[in-house]
Amino acid sequence: MDTLVGLRSPDSPLRSSEPRVRVVRESAITLVVMTSCTVLALALRPHLAAANLAMVYLLGVVIVALLCSRWTSVLASFLSVVTFDFFCVPPYLALGIDDYQYLITFGVMLAVALIVSTQTTRIRAQAQEAVGRQVRTEALYNLSRQLTAQYKDGDVARIAAQCAEETFGGSFVIVSKEEKRNTDPDPHRSSASGSPMPDPALVQWAFDHGEKAGHGTKQFSEAPALYVPLRGAGGMVGVMGVLPPHGDFLNSEKMQFLEVFANQTALAIERIGSQRAAESAQLQVQAEKMRSSLLSAVSHDLRTPLASITGAASTLRVQGDKLESGTRGELLDSIADEAERLSRLVGNLLDMTRLETGPELRREMYPLEEILGAALRRFERQLEHRRVTTQLPETVPMVYADEVLLGQVFINLLENAMKYSPEGTPIELSAEVMENLVAVEVRDRGSGIPAGEEQEIFEKFHRGKTNDTRGVGLGLAICRAIVQAHRGTITAYNRAGGGAVFRICLPSQELS
Amino acid sequence: MNPLILVIEDDAPIRRFLRATLSAEGYVYQEAFTAEDGIIEANTRRPDLILLDLGLPDQDGLEVIRRVRESSQMPILILSARDKEKDKVAALDLGADDYVAKPFGVLELLARIRVALRHSVPRTQDRAVTRFGRIEIDMDERVVKVDGEKIHLTRNEYKLLCVLSKHAGKLVTQQQLLNEVWGPNRLDEAQYLRVYIANLRRKLEADPARPQHLQTEPGVGYRLVVD
């Protein structure tokens, strides 16, 4: 129990002061006040009428009522009448009375004393209640404010326990549903800290039955700690274990408040649970959507070239001799072209899969033009009829990159530029070195980017609306994934005079 | 006599295509389906060139290179998948001469075979002057000219160019270049090599971003194209 003392801050209005201490304190106050009244009354007795001396005792009763509980002040009321009779009404130092008129005095005095003391204690209780309410409201506000900022089960449990300890004293443990499953039972924790809590059996009982268990309840009342079930809107979410300060029972008011506290915590835990569920559901929907669009795209894009290859090949096999040589050549060309298209498509799909599982970058320092050059060489044949200009800065711009992956970015951008701009139009490449980045642009004179789609074109399976182009809509998604893996950015916009610009910014590197 | 080419490849359609192509070009054609058979054929028939697929059913194609190189310097051309840069480099460093990435076109394949066969013929005389495109390298005078005009090269740039031109047309790995130019202690410093290549391109090529001669094989090495 020693460890628990450290958790308590000394004066919290919600904590129960110990009853025995209170009885002793109030008795002492009553005794002192009554003695003082008597001393004053004895001093004034020669000068004043007995009825006026009664006022002194009434004052005493009010003082007791201000300082002590209701029953003590009622007791003080009776005590004041008896003492008044004993000391101030003839015969002195005896309980009898000479004049029966005093019975009226006693009656009125008792009535006034009782009314005054009751009213006083009630007002005081109300004031205290108001203060308590405020403190509770603040504690709850504090709790909910801190809990809303949390996104993890463990954090909610920790913060709620901390708030509870600050508010109630004692020691708190919150076991959430998942945690219970994972760490049940946890002999390590209880033995390491020497704490008797949480007791897995009682946690389980409270969880299963949805009722309080342990200390101060009907179930397992001999246990040192109390277990409060945490019930959210959709069922049990965990259990709160309470080790009360100094082994005290919590009074009903505090118990009620504790339950409110538990509810707040339960809701917070539940909120996180449902948030997580919603997120994973959304991911699942996205994955589902991706899978179906992938399937439809792939089945279309794989089948189309396969159909032309099969068709052309079977025509050649069956009718090869009857065909003119020009037609044969055309069929052969289409087989070769379609096969190449298939190969690129499969390559893209493989790349995307590889990138999605977290690309393993093999980064080294490269002169940018080396990577650009390798990409341009891929399309040597296709670029024969176009003017391709490259504009490079005086000094060799170096990038810290995966040569093959970054090369793929330029390959895809060049392929796009060729696909979306008419034969014969120029393609421009340029690079500039800025303070801490290298910017590369690929520009064409094609149809440009449809308004408002500057972002979407980088999404997977997004395809440009052009009549005769085929592809799965992965090229730019691959570009973005690769550039982002290099901590760079890729943007697209239309250029003045028509055409698209793709701009890549990569962090530049100094060659050490 | 027509050169004998040994094809070690387990995929039947590719073998069929190679048989048709190579026979049509007048090469004598021999095939093996497994690494073990390939090694036996290579040792008994002594082909003029080996076309080797790295993914064989019984053993790694790299093992074939190792075993063949124990006794012979015959040119070995690798057929490999596109994304296997590591394998390509390993094969080249083990002594393979070049590679062709699958899927490949027949023109590319035949060009590579021609280059490899040409290199295997011992040269009768070392010509001191090499010319290609607008470039002329005079090894006696240690002078490099572009369009007849002398170009200033640093010592290492010149050495690098000489090594590449010695292997003209052939793919040379970064490790080979580093070893031959800077020596075996600088094998980790590929980035310097790249900067030297970039500088050479700026001095020799019309458009350094679209080099006609000093070409990069991404992830593998460099090739000096002299055709």
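Thresholds, definitions, all that
- Residues numbered from 1 in each chain as written.
- Chains lettered and ligands numbered in written order.
- Predicted model: local features only at pLDDT ≥ 70, side-chain atom pairs only at ≥ 80, totals over all residues.
- Helix = DSSP H or I, 4+ residues; strand = E, 2+ residues; numbered from the N terminus.
- Buried ≥ 20, exposed ≤ 12 C-beta atoms within 10 Å, placed from the backbone.
- Contact = placed C-beta atoms within 7 Å.
- Nonpolar A, V, L, I, M, F, W, Y, C, P; charged D, E, K, R; others polar.
- Pairing = 2+ DSSP bridges.
- Right-handed = clockwise from strand over helix to strand, strands pointing away.
- Arc of directions from axis to C-beta.
- Axes fitted to C-alpha atoms, helices over the stretch in contact; angles between N-to-C directions.
- Core = buried A, V, L, I, M, F, W, Y, C linked by C-beta atoms within 7 Å.
- pLDDT = per-residue confidence, 0-100.
- Parallel < 35°, antiparallel > 145°, perpendicular 65-115°, else oblique.
- Left-handed = near helix turned anticlockwise from the far one by under 90°.

Q: Is there a simple way to think about the overall build of chain A in this case?
A: Each helix and strand in chain A was counted, giving 14 helices and eleven strands. By residue count, 32% of the 512 residues in chain A fall in the buried class. Look at the contacts in chain A between residues 6 or more apart in sequence, and 68% of them connect residues 24 or more apart.

Q: In this structure, what is going on with the environment of I29 of chain A? I would like to understand it.
A: Residue and element names in this part refer to chain A. Note that I29 resides in helix α2 (residues 19-44). The spatial distance from the C-alpha of I29 to the C-alpha of L67 is 7.9 Å, given a sequence separation of 38 residues. With residues up to four places along the chain from it excluded, the contact list for I29 reads V64, L67 and C68.

Q: Where do I start with the interface of chain A and chain B in this structure?
A: One frequently used descriptor of interface size is the decrease in accessible area upon assembly of the parts. Opposite the 21 residues of chain A that make contact, chain B presents 18 residues. Breaking the side of chain A that touches chain B down by element, the ones donating at least two residues are α11 (325-356), β5 (363-367), α12 (368-378) and α13 (403-419) of chain A. For the side of chain A that touches chain B, the element with the highest residue contribution is α12 of chain A, accounting for seven residues. Grouping the constituent residues of the side of chain A that touches chain B by class yields eleven nonpolar, five polar and five charged.

Q: Quick question: what am I supposed to make of the pairing of strand β4 (residues 76-81) of chain B here?
A: The side chains of a regular strand alternate, residue by residue, between the two faces of the sheet. Residues and elements named next belong to chain B. Of all six residues in β4, five are buried, a share of seventy percent or more. Bridge count for strand β3 (residues 49-53) against β4 is four bridges, and the pairing is parallel. Its bridge partner lying in β4, I50 is registered against I76. For the segment spanning β3, helix α3 (residues 61-69) and β4, crossover handedness is right-handed. Looking at chain direction, β4 and strand β5 (residues 98-102) are connected through five bridges and run parallel. Residue pairing across strands places L79 opposite V100, the latter belonging to β5.

Q: How should I be thinking about helix α4 (residues 85-94) of chain B in this particular structure?
A: Because an α-helix completes one turn every 3.6 residues, residues spaced three or four positions apart along the sequence face the same direction. All names here are of chain B. Looking at α4, one finds that the buried residues are K88, A91 and L92. Along the long axis of α4, the arc covered by the buried residues comes to 95 degrees, so they all point the same way. In this structure, the buried residues of α4 make contact with α3, β4, β5, β10 (171-173) and β12 (221-224). G95 sits one or two positions beyond α4 and adopts a positive phi of about 125 degrees.

Q: Would you explain the sheet that holds strand β1 (residues 171-176) of chain A in this entry?
A: Hydrogen bonds between backbone atoms are what pair the strands of a sheet, whose relative direction is either parallel or antiparallel. All names here are of chain A. Read from one edge of the open sheet, four strands run β1-β4-β3-β2, paired in antiparallel fashion. Looking at which strands have only one partner, the edges of the open sheet turn out to be β1 and β2 (213-214). Sheet topology note: the β2/strand β3 (residues 226-232) ladder contains two bridges and is antiparallel. Within β3, the position partnered with G214 by the bridge is L226. In this fold helix α9 (residues 200-209) packs onto β1, β2, β3 and β4 (235-243), with an angle of close to 40 degrees to the strand it touches most, β3.

Q: What is the right way to look at the nonpolar core in this model?
A: Nonpolar side chains in soluble globular proteins tend to be buried together. Within the largest apolar cluster, 96 residues are counted, with the highest numbers of intra-cluster contacts made by I371 of chain A together with I8, I50, L51, L52, L77 and I78 of chain B. Top contributing element to this core by residue count: α13 of chain A, with eight residues. Sequence-distant contacts of I371 of chain A, defined by excluding residues within four places in its chain, comprise Y366, A401, E403, L406, G407 and F410 of chain A.

Q: I tried to follow the confidence of the model for chain A on my own but got confused; where do I start?
A: Residues and elements named next belong to chain A. Scored by pLDDT, chain A comes out at a mean of 81, with 88% of its residues at no less than 70. Counting contacts from residues 1-16, a segment whose pLDDT is below 50, to residues more than four positions away or on other chains yields 24 contacts. Scored below 50 in pLDDT, residues 183-194 makes three contacts in the model with residues more than four places away or belonging to other chains.

Q: Help me understand the sheet that holds strand β9 (residues 437-443) of chain A in this model?
A: Residue and element names in this part refer to chain A. Spatially, five strands are ordered β6-β8-β9-β11-β10 in an open sheet, and the strand pairing comes out mixed. The open sheet has two free edges, formed respectively by β6 (388-391) and β10 (489-494), since each of these has just one partner strand. In this sheet, adjacent strand axes meet at a mean angle of 15 degrees when their direction is disregarded. On top of the sheet, α13 reaches β8 (427-433), β9 and β11 (500-507); it is set at about 25 degrees to β9, its chief contact.

Q: Would you mind showing me how to read the packing of helix α2 (residues 35-45) of chain B against α3 of chain B here?
A: Two quantities define a packed helix pair, namely the angle between the axes and the distance from one axis to the other. All names here are of chain B. Packing of α2 against α3 brings their axes to within 10 Å, and their N-to-C directions diverge by 20 degrees. In this view, α2 runs roughly parallel relative to α3, as classed from their interaxial angle. The two elements α2 and α3 meet at a crossing, and its hand is right-handed. Here A35, G38, I39 and A42 of α2 come into contact with α3, specifically with G61, E63, V64, R67 and V68. Residue composition of the contact of α2 with α3, grouped by class: five nonpolar, two polar and two charged.

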